[in-house]
Amino acid sequence: EDVGITARRMHSLCQWMLGYADRALALAQDAVTLAENTSHPFSLGAAHLGLGTIFAYLRNFPSSQQEYEKVLALAEEYALGDVFNVSIIGKAWTIAYQEPTDAAIEQMKQAIESLRATGTMLMMTGTLAVLGEVFWLAGRCAEGQETIAEALALVEHTGERNWEAEIWRIKGELLLKAANNSQASRAQAEAEGCYHQAIAIAQQQSAKTWELRAATSLARLWQQQGKTAEARQMLAEIYGWFTEGFDTADLKEAKALLDELHQQTTTTESNISGD
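Please read all numbers here as calculations on a predicted model, not as lab measurements.

Engineer: Please set out empty space enclosed by the protein residue by residue, giving values where relevant.
Structural biologist: As enumerated under the stated definition, the model contains 2 cavities of 30 Å³ or more in all. Volume-wise, the largest cavity comes out at about 70 Å³. Lining of the largest cavity is provided by Trp16, Gly19, Ala21, Leu58, Thr209, Leu212, Phe242, Gly245, Thr248, Asp250 and Leu251. Looking at the lining of the largest cavity, the elements that each hand over two or more residues are α11 (208–224) and α13 (249–274). Of the residues in the lining of the largest cavity, the class split is 6 nonpolar, 4 polar and 1 charged. Elements represented by at least two residues in the lining of the second largest cavity include exactly α3 (41–57), α5 (82–98) and α11. Classifying every residue of the lining of the second largest cavity by side-chain character gives 6 nonpolar, no polar and 3 charged.

Here it is, written out as structure tokens:
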């Protein structure tokens, strides 16, 4: 792979995790532009793979799917090896997020096993995290919890920690969704611990986007528990750090929750004053 394209592709992933979504997207698009001016299929496939991944991180799954389909076309034509296997996982990921059917999840599971059969370990922690979240979306929480447990074990085995904060957040989401009424109190306490762990790891890594996601999940839990003022203050602090990417799904979700919390806090304060 052309090293200039590699640098931009990997730099874009780092920029996204650090909280600079617009810069991340620009770098990934620049890598594709550079690759289009080469006659090197692997570099072009890797560049489209990087852009597809950034779009997926941004929750822009239709655009992500289009990029992965470009990679697949190149990979099939030029026998690009692991780029082909990774792009299959990526496409299955985008389809499963848009519609988490059993068929879509099975396709993703098969793609992961195909990649594992080659002995590939790089980015497998993130791949398992994504599968765990897809299980959560589909309501298949037991399988999701098994997948996340495997991801956490792999983090410790390989030392690959760039997805560690997100893995803990997804574990919390699965705990809440799996709990029945009699288990709700315990599940909330355990999930809150997962979110705090995710925030602590993200802060240690300066991974602001992972921190925002975990803070949003924690704020939503606190909202359900009636701790709206605390939730609003905590989420506002991390949201206020951001200077770009306000049209992305993560920041839009956080902003919508902040608006809800503001309204609820204002209403509560008004009722107290009225009393």
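Engineer: Which residues make up the layout of surface pockets, and what values do they have?
Structural biologist: Reported here for the largest pocket is a volume of approximately 650 Å³. Lining the largest pocket are 26 residues, and of these Arg9, Leu49, Val86, Leu122 and Met123 lie nearest its centre. Residue assignment for the lining of the largest pocket shows that the elements contributing at least two residues are α1 (3–18), α3, α5, α6 (102–117) and α7 (124–138). Of the residues assigned to the lining of the largest pocket, the class counts are 17 nonpolar, 6 polar and 3 charged. Approximately 240 Å³ is the volume attributed to the second largest pocket. Lining the second largest pocket are 14 residues, with Arg59, Glu133, Arg169, Asp250 and Glu253 sitting closest to its centre. Elements with a contribution of two residues or more to the lining of the second largest pocket: α7, α9 (164–178), α11 and α13. No other element matches α11, which puts 4 residues into the lining of the second largest pocket. A breakdown of the residues in the lining of the second largest pocket according to their chemical character gives 4 nonpolar, 2 polar and 8 charged.

Engineer: Lay out the packing of α1 against helix α2 (residues 21–36) with the relevant residues and their values.
Structural biologist: Two elements in contact, α1 and α2, have axes separated by 8 Å at closest approach and are oriented at 165 degrees. Between α1 and α2, the crossing angle belongs to the class labelled roughly antiparallel. Between α1 and α2 the crossing geometry is left-handed. Residues Ile5, Arg8, Arg9, His11, Ser12, Gln15 and Trp16 of α1 pack against Ala21, Arg23, Ala24, Leu27, Ala28, Asp30, Ala31, Leu34 and Ala35 of α2. For the contact of α1 with α2, a count of residues per class yields 9 nonpolar, 3 polar and 4 charged.

Engineer: Describe the nonpolar core, listing the residues and the values that go with them.
Structural biologist: Counting 84 residues, the largest nonpolar core has Trp16, Trp93 and Leu235 as the members making the most contacts within it. Contacts of Trp93, omitting those with residues within four sequence positions, involve Ala56, Tyr57, Phe61, Tyr68, Met108 and Val130.

Engineer: Describe the environment of Thr101, and please don't skip the residues or the numbers.
Structural biologist: Structurally, Thr101 can be placed in the loop between α5 and α6. With relative accessibility at 31%, the residue Thr101 sits in the partly exposed group. Residues Thr101 and Phe135, 34 residues apart in the sequence, show an inter-C-alpha distance of 9.6 Å.

Engineer: Tell me what's going on with the packing of aromatic side chains, and back it up with residues and numbers.
Structural biologist: Counted according to the given criterion, the structure contains 11 aromatic pairs. On the basis of an interplanar angle of 55 degrees and a centroid distance of 4.8 Å, the ring pair of Trp163 and Trp210 is categorised as tilted. Highlighted residues: Trp163 in the loop between α8 (141–158) and α9 and Trp210 in helix α11, separated in sequence by 47 residues. Considered together, Trp163 and Trp210 belong to a single accessibility category, that of buried residues. Counting every residue linked through ring pairs, the aromatic cluster contains Trp16, Tyr57, Phe61, Trp93, Tyr97, Trp163 and Trp210. Lying over the aromatic face of Tyr20, Arg23 brings its terminal NZ or CZ to 4.0 Å of the ring centre. Across the ring face of Trp136, the terminal group of Lys177 is positioned such that the distance to the ring centre comes to 5.1 Å.

Here is what the cut-offs are and how they apply
- Residues numbered from 1 in each chain as written.
- Predicted model: local features only at pLDDT ≥ 70, side-chain atom pairs only at ≥ 80, totals over all residues.
- Heavy atoms only, no water.
- 1 Å grid on protein atoms, 1.4 Å probe; cavity = no way out; pocket = protein on both sides within 12 Å on 5 of 7 lines; lining within 4 Å.
- Points joined across faces, edges and corners; volume = space filled by probe spheres on them.
- Helix = DSSP H or I, 4+ residues; strand = E, 2+ residues; numbered from the N terminus.
- Nonpolar A, V, L, I, M, F, W, Y, C, P; charged D, E, K, R; others polar.
- Axes fitted to C-alpha atoms, helices over the stretch in contact; angles between N-to-C directions.
- Parallel < 35°, antiparallel > 145°, perpendicular 65-115°, else oblique.
- Left-handed = near helix turned anticlockwise from the far one by under 90°.
- Contact = heavy atoms within 4.5 Å.
- Core = buried A, V, L, I, M, F, W, Y, C linked by side-chain atoms within 4.5 Å.
- Buried < 20%, exposed > 50% of the residue type's maximum accessible area, 1.4 Å probe, protein only.
- Phe/Tyr/Trp six-rings, centres within 6.5 Å; stacked < 30°, edge-to-face > 60°.
- Lys NZ or Arg CZ within 6 Å of the ring centre and 35° of its normal.

Interpretation in functional terms is not warranted from these geometric data alone.
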